[in-house]
Amino acid sequence: MRLALLTDIHGNAEALGACLEHIAAVGVDGYVILGDIVGYGPDPGPVIDKVMELQSRGAVVLLGNHDEAIADGVAGMSELAAEAIHWTREQLSAEHKAFLAGLPLTHQVGNALFVHSSARDPGDWNYVIHRLHAVDCFDATDARRIFCGHTHRPILFHQLAGRPVEEFVPKPNAKVPFSRARRYLAVIGSVGQPRDHNPNACWALLEPDGLTLNRIAYDIDSTARKIAATRLPRWLGLRLYEGR
Amino acid sequence: MSERKILAPGLMIDGFTLGERIFAGGMGSVWRATHPDHTLPIIVKIPFFAPGENVSAIIAFEIEEMIMKRLSGPHVPKFLGSGELADLPYIAMEFVEGDLLSTLTDAAPIPAAEVVRVGQLLARALIDIHRQQVVHLDLKPGNVILSKRGAVLIDFGLAHHDKLPDLMGEETALPVGSAPYMSPEQILGDRTHLESDIYAVGAMLYELATAKPPFGIPNTRSGLKQRLKTPPAMLAPALSGVPPGLAEVILKSLSVDPADRYPTADHLLFDLNHLDQVALTDRSQRNSGGFLARIGALLSRPSEARRATPRPTSFEQRFASAPVIMAAVDLSHGADPLAELVRVHVRRVLAAEPRARLACVTVLKTKIIGEDKPIDEAGRPAYIGRLVALKDWARSLHLPEEKVSYHVLEGVDAAASLMEYANHNPIDHIVMGARASSSLRRHLGSVSSRVVAEARSTVTVVRLGGVGETDEPPPGPESVPDES
Ligand SMILES: Nc1ncnc2c1ncn2[C@@H]1O[C@H](COP(=O)(O)OP(=O)(O)OP(=O)(O)O)[C@@H](O)[C@H]1O
Ligand SMILES: [Mg+2]
């Protein structure tokens, strides 16, 4: 079973399109979309349409905090994020909003758990950045392989029973093999707004024996131009060029 | 480890039938085996896990399986299969025929020429596995098999892959490796340097030359740490019996700071191939000034040059930043404009990569195989005059002695001589000239086009612009076309 994992698309249709094209070329058996479909980006409606279409073909789609904020409000969000949510809300149809509101927080198959943020209280949107966050996340579930997003910064935590949690930043396009003896927590990089100083869109190929973080160049100019043509803060376009 | 299987000859594991047990150690056992799908001789390595403890054996197994699966080529046993940790863990691989290097260290000291030969074999093996992004980190005489196909490295249980998570982890309490051969940085817990393997090679060559590893067989932590504060010059006296070039190579490999060792095994092999050209330094020159002065000089040696160069962040970048460059210069018409143009391009390549080294090569053509060595008008071997011309050609590049070497090749066929040189040395990049085309060259093929077609490295061919140089060079004693 080969799965494509996509997270933090954030209304970036160009980045999503480039990833889906690459995924089609690579070939997968299914998709998991780990939330934050909207927010920040200029194409929330078209992106939701695409995600709904993927769902109709079997994709698993999870809720992210930006998706939740469309209905529940922006409490706890940064000013920039909140401003984008207000704009995004105006762009969405009732059908779009209902779709977002109906998304689940987690999905588990076998020993794999998919969630937007930490497995520790998923609805609290805890970031997984440091080893201590990883320890909390591991403690909150029995799953041996956990996949999340939310931080826009890829990192892989791994742990052998009785040993400290270790961390590793996966190299782009290089498959990281799984060892059966370990638990893994993979934070997947963002499709639509990478923040690890690599501007290329990120999607992950999950195979039974390993994980590959693919980085895909896309037409940032178009996305930034669209952002500049809306009332969204311009910085949201500029940051895409630098991956921050 | 769900069900205990009795390990004994005849036991079948995933199609592998165990034969004789050839090794039993603290970490596990090694068995000869057969498999209906494989004609290669096989061994199966089965780790031993005492339940609940010995986590290092588990990690070594995880690492060896992960790394062996990814390695290929003549310098590692071929990987044939492995079993799950949860069931019966094992790694099946090709049985490599040959002698462990420990048979030679047991017989040490061995003649210097033999030490050099082993060093060349080890350097070739490192060039190969480092290019596959793996650093071994546990090189010792018991983990090297000298086989017909060269040195084969075994036991990757402590290895590190430049692109994969280090399963050993950063939290390891104790340094891991084999004390006599472990590099200073490994003692400090750093497992990311390919120079650590170069250190281990230095330690093994030292042992082959002197009968004992540079710091003996330390069994205390302070004994282990002695190498952190011992500059290689202090190890020089024990090497007084070996040729100075070899002593220099060994001591350079044993530098405390990895940045002072060879940047890649390619550079190590290059020096071992040309010991007569190795620049001797205070490391090996026991007679240059008093002992204390030497130590003082070493300790106070300014290291701005290397501080100024940021460390490459991956093995791939390392190879790109420390290339061995071969300049092939035709000096049969003196330092002509084409030779100068080659130098212009060599200078550019060197300027881009401060850790590059340069091999200046020229071919002295002999007309018929077996003819007496050519001599010049003064009756000296023509070889000498050509060497002088080659050094003169390189002079304005202002390269420090340890970064440049000079090679006058003699042969009837320039392209063949250049290729033979390039194939016996770790060359990353050849810079050479091409004379503008003429009908004869088009017909017979030029030296540069043959080198481009046959070389395994990058080749830069430089050509003088359209005007002039459209004809064959003027007739002279060596104006026979290259292709003759
Ligand atoms: N591929 C091979 N071909 C031939 N002999 C091998 C091979 N692999 C291992 N051996 C033999 O088995 C011995 C032990 O192998 P290896 O070093 O891999 O095991 P180990 O348990 O890690 O040992 P140690 O802890 O002593 O390093 C080697 O010294 C060698 O004699
Ligand atoms: Mg061994």
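Note that the coordinates shown come from a computational prediction; the quantities given were computed from them, not determined experimentally.

Asker: Would you mind going over the overall build of chain A in detail, with residue names and values included?
Answerer: Helix and strand content of chain A: 8 helices and 12 strands. For a compact globule of 244 residues, the expected C-alpha radius of gyration is about 18 Å, and chain A comes in at 17 Å, within 12% of that figure. Across its three principal directions, the C-alpha atoms of chain A cover 50 × 35 × 35 Å. Long-range pairs, those at least 24 residues apart, make up 71% of the contacts in chain A between residues at least 6 apart in sequence. Looking at chain A as shown, the accessible area adds up to about 9,700 Å², and 50% of this sits on carbon and sulfur atoms. The positive charge centre, built from 24 side chains, and the negative charge centre, built from 28, are 6 Å apart in chain A.

Asker: Go over the coordination of the magnesium ion (ligand 2), please, and point to the residues and values.
Answerer: For a metal with four tetrahedral donors the ideal donor-metal-donor angle is 109.5 degrees, whereas six octahedral donors ideally subtend 90 or 180 degrees. Coordination sphere of the magnesium ion (ligand 2), protein contribution only: B:Asn143 (OD1) and B:Asp155 (OD), at 2.1 to 2.4 Å. Of this pair, B:Asn143 sits in the loop between strand 8 (134-135) and strand 9 (144-147) while B:Asp155 sits in the loop between strand 10 (150-153) and strand 11 (160-161); the two residues are 12 residues apart in sequence, bridging distant segments of the chain.

Asker: Could you give an account of the site of ligand 1, with specific residues and numbers?
Answerer: Residues and elements named next belong to chain B. The local shell around ligand 1 holds 16 residues, among which Lys-45, Glu-94, Val-96, Asn-143 and Asp-155 are the closest. Separating an oxygen atom of ligand 1 from a side-chain N or O atom of Asn-143 is a distance of 3.1 Å. When isolated, ligand 1 has an accessible area of 610 Å², and the protein chains bury 82% of it. Contributions of two or more residues to the shell around ligand 1 are made by strand 4 (38-47) and strand 6 (90-94). Grouping the amino acids of the shell around ligand 1 by side-chain chemistry returns 10 nonpolar, 2 polar and 4 charged. Each of two domains, domain 1 (2-94) and domain 2 (99-317), supplies a minimum of three residues to the shell around ligand 1.

Asker: For the interface of chain B and chain A, give the residues involved together with the corresponding values.
Answerer: The interface of chain B with chain A comprises 19 residues on the first partner and 18 residues on the second. Carbon and sulfur atoms make up 60% of the area that chain B and chain A hide from each other, which totals about 1,500 Å². Our count for the chain B to chain A interface comes out at 1 salt bridge. Across the salt bridge formed by B:Glu62 and A:Arg182, the nearest N and O atoms sit 2.6 Å from each other. Counting every contact that joins chain B to chain A gives 4 residue pairs in polar contact (both at pLDDT 80 or more).

Asker: Give a description of the side chain of B:Arg318 that names residues and reports values.
Answerer: Residues and elements named next belong to chain B. With respect to the element layout, Arg-318 can be found in helix 11 (residues 315-321). Owing to a relative accessible area of 5%, Arg-318 belongs among the buried residues under this scheme. Reaching out from Arg-318, the side chain makes a polar contact with the backbone oxygen of Pro-263 at a distance of 2.8 Å.

Asker: Could you give an account of the pattern of salt bridges, with specific residues and numbers?
Answerer: Taken as a whole and judged by the stated rule, the model has 31 salt bridges over all chains. In this structure, B:Asp330 and B:Arg435 form a salt bridge, with 3.3 Å as the shortest nitrogen-oxygen distance. Of this pair, B:Asp330 sits in the loop between strand 12 (324-328) and helix 12 (337-352) while B:Arg435 sits in the loop between strand 15 (429-434) and helix 15 (439-444), placing them 105 residues apart in sequence. For B:Asp330, a relative accessible area of 27% translates into the label partly exposed. With relative accessibility at 9%, the residue B:Arg435 sits in the buried group. Beyond isolated ion pairs, a larger network of salt bridges with shared partners links A:Arg2, A:Lys175, A:Glu207 and A:Asp209.

Asker: Would you mind going over the pairing of strand 5 (residues 112-115) of chain A in detail, with residue names and values included?
Answerer: Residue and element names in this part refer to chain A. Burial along strand 5 is two-sided: Ala-112 and Phe-114 facing one way and Leu-113 and Val-115 facing the other are all buried. When strand 4 (residues 106-109) meets strand 5, the two strands line up antiparallel, connected through 4 bridges. Residue pairing across strands places Gln-108 opposite Leu-113, the latter belonging to strand 5. A loop of 2 residues connects strand 4 with strand 5, the two strands running antiparallel in sequence, and Gly-110 in this loop sits at a positive phi of about 55°. The pairing of strand 5 with strand 6 (residues 145-148) spans 3 bridges and is classified as parallel. Counted as the bridge partner of Ala-112 is Arg-145 from strand 6. Remark: the strand 5/helix 6 (residues 131-139)/strand 6 crossover connection has right-handed handedness.

Asker: Got a sec to walk through helix 7 (residues 244-253) of chain B? Specific residues and values, please.
Answerer: Residue and element names in this part refer to chain B. With 9 of 10 residues buried, helix 7 lies mostly within the body of the structure. Among the residues of helix 7, Gly-245, Leu-246, Ala-247, Glu-248, Val-249, Ile-250, Leu-251, Lys-252 and Ser-253 are the ones counted as buried. On its buried face, helix 7 is in contact with helix 3 (112-131), helix 5 (195-210) and helix 8 (265-273).

Asker: Quick rundown of the sheet that holds strand 9 (residues 176-177) of chain A? Include the residues and the values.
Answerer: All names here are of chain A. Read across the sheet, 6 strands follow the order 3-2-1-11-12-9 without closing on themselves; strand pairing throughout is mixed. Unpaired on one side and paired on the other, strand 3 (60-61) and strand 9 mark the two borders of the sheet. Taken together, the 7 bridges between strand 11 (residues 201-207) and strand 12 (residues 210-216) define a ladder with antiparallel strand orientation. Each bridged residue has a counterpart across the sheet, and for Trp-203 the counterpart in strand 12 is Asn-214. Packed onto the sheet, helix 1 (residues 13-26) meets strand 1 (3-6), strand 2 (30-33), strand 11 and strand 12 and runs at close to 30° relative to strand 11.

Asker: Can you break down the packing of helix 3 of chain B against helix 5 of chain B residue by residue, with the values?
Answerer: All names here are of chain B. Across the interface, helix 3 lies against helix 5 with an axial gap of 10 Å and an inter-helix angle of 165°. By the criterion of interaxial angle, the relationship of helix 3 to helix 5 is roughly antiparallel. Judged by the twist between their axes, the crossing of helix 3 over helix 5 is right-handed. Two secondary-structure elements touch here, helix 3 through Val-115, Val-118, Gly-119, Leu-122, Leu-126, Ile-129 and His-130 and helix 5 through Asp-197, Ile-198, Val-201, Met-204, Leu-205, Leu-208 and Ala-209. A per-class count over the contact of helix 3 with helix 5 returns 11 nonpolar, 2 polar and 1 charged.

Asker: Outline helix 3 of chain B, listing residues and values.
Answerer: All names here are of chain B. Taking 1.5 Å per residue as the helical rise, helix 3 with its 20 residues ought to reach 28 Å, and the 28 Å between its terminal C-alpha atoms agrees with that figure. Among the 20 residues that make up helix 3, 14 are buried, leaving the element largely enclosed by the rest of the structure. Count one or two residues on from helix 3 and you reach Gln-133, which has phi positive near 70°.

Asker: So what about the sheet that holds strand 6 of chain B? Which residues, and what values?
Answerer: Residue and element names in this part refer to chain B. A sheet is described by the order of its strands in space; here 6 strands give the open sequence 1-2-3-4-6-5, paired in antiparallel fashion. On the outer flanks of this sheet lie strand 1 (12-13) and strand 5 (79-83), each paired with one strand and no other. Bridging between strand 1 and strand 2 (residues 16-25) involves 2 bridges; their strand directions are antiparallel. By the bridge assignment, Met-12 is partnered in strand 2 with Thr-17.

Asker: Outline unusual backbone geometry, supporting the account with residue identities and numerical values.
Answerer: Glycine aside, the phi torsion of most residues is negative, and most peptide linkages are trans. B:Pro109 follows B:Ala108 through a cis peptide bond whose omega is 0°. Residue position: B:Pro109 is located in the loop between helix 2 (102-106) and helix 3. Although it is not a glycine, A:Asp121 sits at a positive phi angle of roughly 45°. By the element assignment, A:Asp121 lies in the loop between strand 5 and helix 6.

Asker: Mind laying out the packing of aromatic side chains, listing which residues take part and the relevant values?
Answerer: Within the structure shown, the criterion is met by 3 aromatic pairs over all chains. With a centroid separation of 5.4 Å and 20° between ring planes, the pair formed by A:Phe114 and A:Phe147 is classed as stacked. Taken as a pair, A:Phe114 in strand 5 and A:Phe147 in strand 6 lie far apart in primary sequence, 33 residues in all. Exposure class is identical for A:Phe114 and A:Phe147. Each is buried. Plain terms: the ring middles of A:Phe178 and A:Tyr184 are 4.9 Å apart, the flat faces sit at 55° to each other, and that makes the pair tilted. Per residue, the accessibility class of A:Phe178 equals that of A:Tyr184, and both read buried. In this structure, A:Arg239 is placed above the aromatic ring of A:Tyr40, and the distance from its NZ or CZ to the ring centre is 5.8 Å. A cation sits over an aromatic face here: B:Arg32 above B:Phe95, 4.0 Å from the ring centre.

The rules behind the values
Residues numbered from 1 in each chain as written. Chains lettered and ligands numbered in written order. Predicted model: local features only at pLDDT ≥ 70, side-chain atom pairs only at ≥ 80, totals over all residues. Heavy atoms only, no water. Helix = DSSP H or I, 4+ residues; strand = E, 2+ residues; numbered from the N terminus. Rg over C-alpha atoms; globule rule 2.2 N^0.38 Å. Contact = heavy atoms within 4.5 Å. Areas by Shrake-Rupley, 256 points an atom, 1.4 Å probe, with all protein chains shown as cover. Lys, Arg positive; Asp, Glu negative; His and termini not counted. Charge placed at Lys NZ, Arg CZ, Asp CG, Glu CD. Donors = N, O, S within 2.8 Å, 3.2 Å for Na, K, Ca; no water. Near = heavy atom within 4 Å. Polar contact = N/O pair within 3.5 Å; in protein donor to acceptor, adjacent residues only side chain to side chain. Nonpolar A, V, L, I, M, F, W, Y, C, P; charged D, E, K, R; others polar. Domains from an automatic or database assignment. Buried area = accessible area lost by both parts, 1.4 Å probe. Salt bridge = Lys/Arg side-chain N within 4 Å of Asp/Glu carboxyl O. Buried < 20%, exposed > 50% of the residue type's maximum accessible area, 1.4 Å probe, protein only. Pairing = 2+ DSSP bridges. Right-handed = clockwise from strand over helix to strand, strands pointing away. Axes fitted to C-alpha atoms, helices over the stretch in contact; angles between N-to-C directions. Parallel < 35°, antiparallel > 145°, perpendicular 65-115°, else oblique. Left-handed = near helix turned anticlockwise from the far one by under 90°. Expected span 1.5 Å × (residues − 1). Phe/Tyr/Trp six-rings, centres within 6.5 Å; stacked < 30°, edge-to-face > 60°. Lys NZ or Arg CZ within 6 Å of the ring centre and 35° of its normal.

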